[in-house]
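# Structural features, examined
Chain by chain, the residues:
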Amino acid sequence: MSDRSRLTGKIGDETLIEMSQNSLCDGDNNGFPHDTDGYPQPDPSESPTPYINPPDHGSCESLGPGVQGHGTCDSLGPGVQGHGTCDSLGLGVQGHGSCDSLRSSLPSIHSHHSGSDHSDSSPERGQILRRLSTVTGLTGMWRKRALFLKHRSRVDKHQQSKDSVFFRDGKRRIDFILSYVDDRDGERKQERRKEYEANLKKAGLELETEDQSESDDGKTYYVKIHTPWDVLATYADVLKIKVPFKANDIPAHKDIPMNWLFTPFRLPNHIMNPEPDYFTSPFNKEKIDFFLIDDKETFFPPSVRNRIVYYILARCAYYKEDSDDKNKKGIKRLLNNGTYGAAFPLHDSRYWKASRDPNSESERFSLYKHWARFFSFFKEQPLNLIRKYYGEKIGIYFAWLGFYTEMLFFAAVVGLICFLYGLFTFDDNVWSKEICSEEIGGNIIMCPLCDKTCGYWKLNSTCNSSWQSHMFDNVGTVFFAIFMGIWVTLFLEFWKRRQARLEYEWDLVDFEEEQQQLQLRPEYEIKCTSRRLNRVTQEMEPYFPAKSQCARTFLSGATVIFWISLIIACIIGVIAYRLAVYAAFASIMKDSPTNNIHMVGSLITPQLATSVTASCINFVIIMILNVMYERVAIWITDMEIPKTHLEYENKLTVKMFLFQFVNYYSSCFYVAFFKGKFVGRPGDYIYMFGWSKLRNEECDPGGCLIELTTQLVIVMAGKQVWGNIQEALVPWLLNWWGSRKARSHPESLYSRWEQDHDLQNFSHLGLFYEYLEMVIQFGFITLFVASFPLAPLLALLNNIIEVRVDAWKFTTQFRRPVAAKAHSIGAWQEILNGVAVFSVVTNAFIVAFTSDMIPRLVYMYAYSPDNDLSMKGYINNSLSVFNISGFSEDNRPDDGESPEWFNSSVITTCRYRDYRYPPGHEKQYTHTMQFWHILAAKLAFIIIMEVGRTPLATLLEPAIETEPIERAWKL
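Definitions and limits used
Residues numbered from 1 in each chain as written. Predicted model: local features only at pLDDT ≥ 70, side-chain atom pairs only at ≥ 80, totals over all residues. Heavy atoms only, no water. Helix = DSSP H or I, 4+ residues; strand = E, 2+ residues; numbered from the N terminus. Buried < 20%, exposed > 50% of the residue type's maximum accessible area, 1.4 Å probe, protein only. Contact = heavy atoms within 4.5 Å. Areas by Shrake-Rupley, 256 points an atom, 1.4 Å probe, with all protein chains shown as cover. Phe/Tyr/Trp six-rings, centres within 6.5 Å; stacked < 30°, edge-to-face > 60°. Lys NZ or Arg CZ within 6 Å of the ring centre and 35° of its normal. Patch = residues over 30% accessible without salt bridge, like charges linked within 9 Å, V, L, I, M, F, W, Y side chains within 5 Å. Salt bridge = Lys/Arg side-chain N within 4 Å of Asp/Glu carboxyl O. Axes fitted to C-alpha atoms, helices over the stretch in contact; angles between N-to-C directions. Parallel < 35°, antiparallel > 145°, perpendicular 65-115°, else oblique. Left-handed = near helix turned anticlockwise from the far one by under 90°. Nonpolar A, V, L, I, M, F, W, Y, C, P; charged D, E, K, R; others polar. Disulfide = S-S within 2.5 Å.

## So, the overall build of the protein chain
- Secondary structure assignment for the protein chain yields 28 helices and 22 strands.
- Each of the 971 residues in the protein chain was classed as buried or not, and the buried ones make up 52%.
- Contacts spanning at least 24 positions in sequence make up 72% of the contacts within the protein chain whose residues lie at least 6 apart.
- Roughly 45900 Å² of accessible area belongs to the protein chain as shown, and the carbon and sulfur atoms make up 58% of that amount.

Below, the structure is given as structure tokens:
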């Protein structure tokens, strides 16, 4: 048996045996034998019982005692349960579906009698028992084979492909699947399903149910839904779905010069353009002859069919006609209360293999082969095929993501050049040399950075951090900040152009939200019991009383404010941690114990240790608050009962982005604009909340920019890694675990609807989270990019992976989403515009107040010795002097905290970072004129950056000519 078969799993306590390709039977022959030598053969003089196409629940004639039959069953022995057509099975055999394959594979069990007159006679029963004894004598092999074929017949009945997307008749297409498990105590659920399915039939849909015995787990029922032509035509008219009426006779564009250079990046034409180009018009049921209808069954593509079915499912009631409760409507409520477990359209094939059914398009396989595999990352995206398979809404998302990734390439190149400039100009970094010099930095004694536990320190101890800071804080920083202000404007304007082109190519030019997205949500129709006359349409429509709406809006706003306040409280807690822990790190590291750590020991300073640990804690808090707030945001948006799907998405988008904006960016804002800005001076320090003993943080002499870079890298990179784990690894693990039982069976036992049922559900907010992730990333690379020129490069690398991960996820890990139309990225466009405008301000402030570039430029052009435009003496010029005797007991370091080299009788002053007059001066400890010169230069830079962007955007918009193109296409 070892060379003829293999074990494939268990059903109950029985081991299944599947024959290999070289054995007795194979899957391609549906269980029929290749070679039956050595096996019991039927008498050739006997004619086999003809095949009978069984009804779902027919009659069984002449069954023995204890038999339960469904279908036409002839001459079964006692104790037999039959489903379908089963002829002359022996004692204890259970038949499901057509038993031709079983009869053919077991030639010794052919029937001698097709009638019922002798089914219970002793000679006949004896003959059957003798034949069964022959079978069971084959060491149980045929019994296991019979069990295998019994389960295989679930999919192979009527010679139907296991990947079929059609009803049992092989003609009617499955447009939607409903699944459920029939609970023992689920009488109310049964009643709901009965009424709901009855109402679906009244609406014109055709249903076919797969019994639980036919399912892989033996528990799940599957209701297959088909939409006949009349229903499709009716709702296509209602939804104003555009269909072709004439082939496009406009000449194609001429080839682009040097087009052959892009050949490696191209996809085959049948993938890029899966269907011909037509002129289209909204469908009109009364003018069918006007449209190009070759075949009514294929005229509407599957994406349109499932969209129409979902429209019906979302509005179909599940109450009786005489019921007083009219709120019982929609598949969403039935899914929420557990009446149904899942509702989804089918994929058209397996993703790794094209369907054998010639009527199946196998577009899923094409998408996986040409788009969803990582090694296709350099190829263009088949946007037309994505749009055809998933709908315009998902197509627009991938078009935007691809365009955003393309534009990131230019920002990444310029950012890398700026970083390399900082790397290669180390030798010209005069101020870092002065800090690291024993003659200059080694002789400058700095004031303590915290009270009591921090001692005096030498400036050259920050040598490494000053070199690191130079890589990001140099002349290139100013140039890159200006460049990114131009880049973000170009990105948004060119996207408008690309979006307008897609709007034309996908026939969405006159797509109006009022016609499609502004259809009332079923939840709104159910909740709104009041109606009033619409003055425009002159029709009665539901409305929500203003008093109730205001109350819900007020509660929603209060909830959002509460959660944002919670974020701010957490950020304050992290700041308090930074202030408290810095003193501890300073005390521990005063004798440089980290120098013993290989490679990085000399790089670890109290500032770095504090910044890294605080950033990690902040990242964990961000992730926890995100999980909690997502649920709250959805709940309060549902509570507001938005009128339309568009309104629902816009409200949720604003709530989620506002929260995420504060959650992700608040720590970066603190480091960029608050840390080191409000510290006071030695002898007059400023404390947190004024009364606490936590002294506000200072920036080290290298500046706070390197800390902002650290914070940005940890939060941005951590979010991208965590996001990819959530998007790719978690769905894969869930699918792997959910389909573990099915993997032990042969592929022929795993039907198309069961395969899709075991995938993850793609919720109606699935695309919302994809946009949110990318927009948050867009904020990181625009709002704080002046502090980290490599941010666009990291985003580019992430997005190259992101495009393929999203494609792989949509194609392999998720059920097919219901198709939806959209002509733009919606509210995200306005959010991107707002972030772009705000980014110019933040980058200007980062260069002005976080970077040291402007103080250096002011020194070089106005205060350098002998006006030689050099940076010599800059460090000494940028540090003020304080008399140690001016420290109070609360500020002075405790005994033993200062290093051994410090001698208070010799060293009487310390230095600190500011521009103030020295002790003994008539204006001692007040700001010098240089401070005001630098402040004026900073404000001038901010004004130039902000004012300069406005005329630039004004010039670019007409140059790109988005609106003229839109008007021309509409004409």
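That covers the picture; the talk isn't over yet.
## Re the packing of aromatic side chains
- Applying the stated criterion to the full structure yields 68 aromatic pairs.
- The positively charged end of lysine 458 is found above the aromatic ring belonging to tryptophan 901, 4.8 Å away from the centroid.

## Things to note about a nonpolar patch on the surface
- A surface patch of nonpolar side chains, amounting to about 960 Å² of accessible area, comprises Val721, Trp722, Ile725, Leu729, Val730, Trp732, Leu733, Leu734, Trp736 and Trp737.
- Here tryptophan 736 lies in helix H20 (residues 705–738).
- On the basis of relative accessible area, tryptophan 736 is assigned to the partly exposed category, the value being 42%.

## Notes on the packing of helix H11 (residues 383–390) against helix H12 (residues 392–424)
- H12 packs onto H11 with a crossing angle of 150 degrees between their chain directions and a minimal axis gap of 7 Å. Looking at the two axes, H11 sits roughly antiparallel to H12. Note on packing geometry: the crossing formed by H11 with H12 is right-handed. Facing H11, whose interface residues are Leu383, Ile386, Arg387 and Tyr390, H12 presents Glu392, Ile394, Gly395, Phe398 and Ala399.
- A breakdown of the residues in the contact of H11 with H12 according to their chemical character gives six nonpolar, one polar and two charged.

## Here's the deal with the state of the cysteines
- The full count for this structure, using the stated rule, is three disulfides.
- One disulfide bridge connects cysteine 447 with cysteine 910, the sulfur atoms lying 1.9 Å from each other. Because the torsion about its S-S bond is 85 degrees, the bridge between cysteine 447 and cysteine 910 counts as right-handed. Highlighted residues: cysteine 447 in the loop between strand E15 (445–446) and strand E16 (457–458) and cysteine 910 in strand E22 (residues 909–913), separated in sequence by 463 residues.

## Some points on the pattern of salt bridges
- Under the criterion given, the structure shown has 33 salt bridges.
- Between lysine 224 and glutamate 210 there is a salt bridge, with its nearest N and O atoms 2.7 Å apart. With lysine 224 in strand E11 (residues 220–226) and glutamate 210 in strand E10 (residues 206–210), the pair connects residues that are 14 residues apart, well separated along the chain. Here lysine 224 and glutamate 210 have matching classes, each one buried.

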